[in-house]
Amino acid sequence: MYNVAVVGATGAVGEELFKVIEEYNIPVKKMVPLASARSVGKEIEFAANKYKVKELTCEVFEQEEIDIAFFSAGGSVSAKFAPCAASAGAVVIDNTSHFRMDKDIPLVVPEINPEDIALWQKRGIIANPNCSTIQMVLALKPLHDAFNIKRVDVATYQATSGAGKKGMEELMNQMQAIFNFKLDKEVEKKEVFAHQIALNVIPHIDRFMDNGYTKEEMKMVNETNKIMHTNIAVSATCVRVPVLRSHSEAITIHCEKDVDVEIARKVLNDFEDVEVMDDVEKNIYPMPIIATDTDITYVGRIRKDIFDSKILHLWVVADQVRVGAATNAVRIAKKWIELEGNK
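As a starting point, this report considers the structure included with it. (Residues numbered from 1 in each chain as written. Predicted model: local features only at pLDDT ≥ 70, side-chain atom pairs only at ≥ 80, totals over all residues. Heavy atoms only, no water.)

What follows deals with the sheet that holds strand E8 (residues 125–127). Read across the open sheet, the 6 strands follow the order E5-E2-E1-E6-E7-E8; overall the sheet is parallel. Two strands close off the open sheet at either side, each with one partner strand: strand E5 (54–55) and E8. The pairing of strand E6 (residues 68–71) with strand E7 (residues 91–94) spans 4 bridges and is parallel. Bridge pairing in E7 links Phe 70 to Ile 93. Across the face of the sheet, helix H1 (residues 12–23) comes into contact with strand E1 (2–7), strand E2 (28–35) and E6 while running at roughly 155° to E1. Running over the sheet, helix H3 (residues 75–87) touches E1, E6, E7 and E8 and is turned about 175° from E6. (Pairing = 2+ DSSP bridges. Helix = DSSP H or I, 4+ residues; strand = E, 2+ residues; numbered from the N terminus. Contact = heavy atoms within 4.5 Å. Axes fitted to C-alpha atoms, helices over the stretch in contact; angles between N-to-C directions.)

With that settled, consider the packing of helix H4 (residues 131–147) against helix H8 (residues 261–270). Contact pair H4 / H8: the axes reach a minimum separation of 9 Å and the direction vectors enclose 130°. Judged by the inter-axis angle, H4 sits oblique to H8. Remark: the crossing between H4 and H8 carries right-handed chirality. In this structure, H4 contributes Ala 139, Pro 142, Leu 143, Ala 146 and Phe 147 to the contact, and H8 contributes Ile 263, Ala 264, Val 267 and Leu 268. Of the residues belonging to the contact of H4 with H8, the class tally is 9 nonpolar, no polar and no charged. (Parallel < 35°, antiparallel > 145°, perpendicular 65-115°, else oblique. Left-handed = near helix turned anticlockwise from the far one by under 90°. Nonpolar A, V, L, I, M, F, W, Y, C, P; charged D, E, K, R; others polar.)

In terms of nonpolar packing, the biggest core is built from 61 residues, with Phe 61 and Leu 314 touching the most fellow members. No other element matches the 8 residues that H4 contributes to this core. In this structure Leu 314 touches Leu 143, Glu 249, Ala 250, Ile 251, Ile 253, Leu 268, Val 299, Gly 300, Arg 301, Ile 302 and Arg 303, once residues within four positions along its chain are discounted. Residues Ile 44, Ile 117, Ala 326 and Ala 329 belong to the second largest nonpolar core, which totals 33 residues. (Core = buried A, V, L, I, M, F, W, Y, C linked by side-chain atoms within 4.5 Å. Buried < 20%, exposed > 50% of the residue type's maximum accessible area, 1.4 Å probe, protein only.)

A few words now on the pairing of E6. Every second residue of E6 is oriented toward a common face, with Ile 68 and Phe 70 on one face and Ala 69 and Phe 71 on the other, all of them buried. Where E1 lies against E6, 4 bridges are found, and the strand directions are parallel. Its bridge partner being in E6, Val 4 is matched across the sheet by Ile 68. Each parallel crossover has a hand, and the one from E6 via H3 to E7 is right-handed. (Right-handed = clockwise from strand over helix to strand, strands pointing away.)

Right, let's get into the sheet that holds strand E14 (residues 311–318). The strand order across the open sheet built from 6 strands is E10-E9-E11-E14-E13-E12, with neighbouring strands paired in mixed fashion. Whereas interior strands pair on both sides, the edge strands pair on one side only; in this sheet they are strand E10 (233–240) and strand E12 (274–276). Within this sheet the neighbouring strands show an average axis-to-axis angle of 20°, counted without direction. Here strand E13 (residues 297–304) pairs with E14 via 5 bridges, running antiparallel. By the bridge assignment, Val 299 is partnered in E14 with Val 316. Across the sheet, helix H7 (residues 215–228) lies against strand E9 (149–158), E10 and strand E11 (247–255), angled at about 145° from E10, the strand it touches most. Strands in contact with H8 are E12, E13 and E14; relative to E13, the strand with the most contacts, it is inclined by about 170°.

This paragraph deals with the pattern of salt bridges. Applying the stated criterion across every chain yields a total of 25 salt bridges. The salt bridge partner of Lys 219 is Asp 206, with a shortest N-O separation of 3.5 Å. Highlighted residues: Lys 219 in helix H7 and Asp 206 in the loop between helix H6 (183–188) and H7, separated in sequence by 13 residues. Among the charged side chains, a salt-bridge network with shared partners connects Glu 16, Lys 19, Glu 23, Arg 245, Asp 293, Asp 295, Asp 319 and Arg 322. (Salt bridge = Lys/Arg side-chain N within 4 Å of Asp/Glu carboxyl O.)

Written out as C-alpha cells, the structure reads:
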C-alpha cells in the first residue's frame, strides 16, 4: 500500500487523477491532496471518502511519508517542489513540461517505453509527455514498427480543456453571450485565449518561438523522438478549437516502406489502448464526443496517399484530460509499482 499525494488537487487534471487512481486500483494507504494556500480546507472525494486539501510545502512530503507524488499544478510549481518530494523519498510523476527534455529524467508512455521507468532513480522524477504527443505516439509506434516512419506532419485540433478549467469556462461564457446577443461584452473579458474562441479556431497554442513554431508545436517535435527513441522528422501546427474536451489530430506519415491500409488497421487495433474506428460508409470515425471520458486513443480515416505509396494519412482522437494527462500518469504509477514490487 502506498501513501499518495496529488499536487494541484483542485485543478481539472487533479480532479481527474483522483477518479483514475481509484479506477486503476492503485493500492492507496493514504491520500493527500495538495494545493496552494488559497485552496487549503477545500474537500476532495476519493474512494467514497472526503479529504481536506493541505498546503503544498517542501516539508509535507516527508511529514506525510509520501511514496508516489502526482504533480499537475504548473511548471513553476513542479520546478520548486518536485525535487523536495523526490528528496523525501517519493517517486514524482510530473504532468508539466518542466522536466520532459531533461536527459536524466525519463519521459514515458507506458505502452511504448515502459523500460524507461527504471531510470526514475536518477532524479526520483518521471515526466508525463504533452497531451497531444501522447495520443500521437500511441498511433505512430505500431506504424513505425510496420513501415519505418521517416517523417510526420500533424495538425492538431485542441479542446479548450487543454487550457484548464478557465479555458472551458471562457468558451462556455462566450457561447452563452452569443445566445444572449452580448458577445462583444464577453469577448472583452477574454483572459485565456488571444482571440475569441467561440465559433472560431485559433492557430496559436503557447508562445511563439524564434523559428516560427509555437512552444506547444516544438513539444510534439522533441518529445516524440525521446519517447520512441527515434530520429523522425516531425512538424506540427497546433490549433485551439471551440470544443470542451478531447483533442483531435490529422496526421500524415511518410514511411520508408510502401504502406498497406489493412496492415495499418490491424497493427493499430492490436496495439494496447488503441482502437480503430473506421467505417466511412456508415459515417463511423473518431470524434471528441466519442473519446471523452474514455482511456482509448481512437484512430480512423486511415488511407494511403493518392500520389505516394509510402505515405499514410489518419485521424486520431483522445481525451487529453485522461489519456493525455491523468490516465497516462496513473499507468506510469502502475508500471512503477510492478517494477518496484519485483525487487
